[in-house]
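# Chain and residue survey
These are the residues of each chain, in order.
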Amino acid sequence: MGVTTVTDVRPSAVSVDGGVLHTLFRSEQGGHEQVVLCQDRASGLKAVIAVHNTALGPALGGTRFHAYASEEEAVLDALNLSRGMSYKNALAGLDHGGGKAVIIGDPDVIKTEELLLAYGRAVASLGGRYVTACDVGTYVADMDIVARTNKWTTGRSPENGGAGDSSVLTAFGVFQGMRASAQHLWGDPTLRGRKVGVAGVGKVGHHLVGHLLQDGADVVVTDVRTESVDRIRRAHPQVTAVADTDALIRTEGLEIYAPCALGGALNDASVPALTAKVVCGAANNQLAHPGVEKDLSDRGILYAPDYVVNAGGVIQVADELHGFDFDRCRDKAAKIFDTTLAIFARAKSDGIPPAAAADRLAEQRMAEARRA
């Protein structure tokens, strides 16, 4: 196992020409407390663990397993995701900072028990500064394996002392964010009769579709995986499917757009094409770059910040560390409705987009923790 620790990740912290570290230190999302590059040649593990901020407590965030185009792309994703977790955990009221890990490679091809055990040893080497969980490409069964070599693992199965699938409460929290968006924009928290487009109907998206249909919404979906769309259509024949995200965001009469796959969904190409008046989804890092939130605001599109509304899952896994109680977690996740409304109110009073208002509130809590 090779573990390299890089601390104080700011653009001026070190000068390295070319390669992964050059990308790392030039990132606009710098300022991380610690970044760990992990390798285990025997199992094929290549991973990045990023600890952004521990002012509120140990960093907590999931493990993404993805076939990145390059190591540089993986490092940047870990940086962005971990930073988002700091803000998400702060606004969720958790006593945790932000961290995230990415494993580089196609999970359908290289994921093995040996690799996951090696990854667990890498996380354990941080001594509890980072607590891991599931994310895109990792599942409860994977966390059960990781936990065998790392006691700082959440998202495990109930049989192994865990809370199980965190996507259940993630979807519930996004639904609460949508209800708050509807309340703010239309004066009524119900989605009944509203046309909602869900891009990505995997672990979180398919649960979200269920909440929307139960509330009376008209749902349109898309997913790069045909089998995911087929599963939704078998369970809910009334759902409409379109070919891709580009078709979804241009759907006539679409009122709410829910990005629930990978990040960067809101960009210079998609925002001008959006027909929806609300964006509220489960995907992390939906804003492709700084300034997109203003573009949304200029178009009169209400954006419910992703790290606020998708916090149900982290609320669930954080509770696992203290003896999991589903009803207690659901009650906490239901408060995402009130938090989202508070952010919209702050945005209006300060004359700023909701994403900036959410950042201010999260930064305020982290700063108060540092001073305490």
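Look up: the structure comes first, before these words.
Our subject in this report is the structure included herewith. In this text, all values refer to a predicted model and were calculated from it rather than measured experimentally.

In this section: the pattern of salt bridges. Counted by the stated rule, this structure contains 18 salt bridges. Between E255 and R194 there is a salt bridge, with its nearest N and O atoms 2.7 Å apart. In this pair, E255 is assigned in the loop between α9 (245-249) and β11 (256-259) and R194 in the loop between α6 (167-186) and β8 (195-199), connecting sequence segments 61 residues apart. For D298, the salt bridge identified is with K294, shortest N-O distance 2.9 Å. Here D298 and its partner K294 are both found in helix α11 (residues 292-298), 4 residues apart, which amounts to about one turn of the helix. Connected via shared salt-bridge partners are R64, D77, K100 and D135.

Glancing now at the nonpolar core. Membership of the largest hydrophobic core comes to 40 residues, with the highest contact counts inside it found for M178, V198, L208, V209, L212 and V219. In terms of residue count, the dominant contributor to this core is α6 (5 residues). When residues no more than four places from it in sequence are discounted, the contact partners of V198 are G205, L208, V209, L212, V219, V220, V221, T222, L248, A258 and C260. Core analysis: the second largest hydrophobic core is formed by 23 residues, I49, A59, A118 and M143 among them.

Turning our eyes to something else, we now look at the pairing of β8. Within β8, 4 of the 5 residues are buried, which leaves the element mostly enclosed by the surrounding structure. Note that β8 and strand β9 (residues 218-222) share 5 bridges and pair parallel. Paired with V196 across the bridge in β9 is V219. Handedness of the crossover joining β8 and β9 through helix α7 (residues 205-214): right-handed. As judged from the 4 bridges shared by β8 and β11, these two strands associate in the parallel manner. Bridge pairing in β11 links G197 to Y257.

This part covers the packing of aromatic side chains. On inspection of all chains with the given rule, the structure shows 2 aromatic pairs. Plain terms: the ring middles of F324 and F326 are 6.4 Å apart, the flat faces sit at 70° to each other, and that makes the pair edge-to-face. The ring of W186 has R194 lying over it, and the distance from NZ or CZ to the ring centre is 3.9 Å.

The next subject is the packing of helix α2 (residues 71-91) against helix α16 (residues 354-371). For the pair α2 and α16, the least separation of the axes is 9 Å and the interaxial angle reads 80°. When the axis of α2 is compared with that of α16, the two are roughly perpendicular. Counted together, S86, Y87, N89, A90 and L91 of α2 and A358, D359, L361, A362, E363, R365 and M366 of α16 form the full contact between these two elements. The residue makeup of the contact of α2 with α16, split by class, is 7 nonpolar, 2 polar and 3 charged.

To continue, consider α7. Residues of α7 that are buried include every one of G205, L208, V209, H211, L212 and L213, and no others. Summarising the contacts, the buried residues of α7 are in contact with α6, β8, β9, α8 (226-235) and β11. In the segment just after α7, G216 is the residue with positive phi, at about 95°.

Moving on, we get to the state of the cysteines. On inspection of all chains with the given rule, the structure shows 0 disulfides. Take C38: it sits in no disulfide, and the sulfur closest to it among the cysteines is that of C134, at 18 Å. The class for C38 is buried, based on a relative accessible area of 4%. Between C134, a cysteine without a disulfide, and C329, which holds the nearest cysteine sulfur, the sulfur-to-sulfur distance is 15 Å.

Parameters and conventions
Sequence order sets the numbering: in each chain, residues are counted from 1 along the sequence as written. For this predicted model, a pLDDT threshold of at least 70 governs which residues receive local features, and a threshold of 80 or more governs which side-chain atom pairs are given and counted, while totals over whole chains, interfaces and linings are taken from all residues. Based on all heavy atoms of the structure, the side-chain values leave hydrogens and waters out of the count. What makes a salt bridge here is a side-chain nitrogen of Lys or Arg within 4 Å of a carboxyl oxygen of Asp or Glu, nothing more. Strands here are runs of E lasting at least two residues and helices are runs of H or I lasting at least four, both read from the DSSP assignment and numbered beginning at the N terminus. Residues grouped as a nonpolar core are buried Ala, Val, Leu, Ile, Met, Phe, Trp, Tyr and Cys residues, joined through side-chain atoms within 4.5 Å. With a 1.4 Å probe rolled over the protein chains alone, any residue whose accessible area is under 20% of its type maximum counts as buried; one over 50% counts as exposed, and the rest are partly exposed. Any pair of residues with heavy atoms lying within 4.5 Å of one another is described as a contacting pair. Strand pairing follows a simple DSSP-based rule, namely that at least 2 bridges must link the two strands. Here is how to tell: hold the view so the strands point away, follow the path from the first strand over the helix to the second, and if it runs clockwise the crossover is right-handed. Note on aromatic pairs: the rings of Phe, Tyr and Trp (six-membered ring only in Trp) are paired at centre separations within 6.5 Å, and the planes decide the class, stacked below 30 degrees, edge-to-face beyond 60, tilted for the rest. Lysine NZ or arginine CZ positioned within 6 Å of the ring centre and within 35 degrees of the ring normal marks a charge as sitting over the ring. Only the contacting stretch of a helix is used when fitting its axis, a line to C-alpha atoms as for every element, and angles between N-to-C directions run 0 to 180 degrees. Throughout this description, any angle smaller than 35 degrees is read as roughly parallel, any larger than 145 degrees as roughly antiparallel, any in the 65 to 115 degree range as roughly perpendicular, and the remainder as oblique. Residues are grouped as follows: Ala, Val, Leu, Ile, Met, Phe, Trp, Tyr, Cys and Pro are nonpolar; Asp, Glu, Lys and Arg are charged; all remaining types, including Gly, are polar. By convention in this document, the label disulfide applies to cysteine sulfur atom pairs within 2.5 Å.

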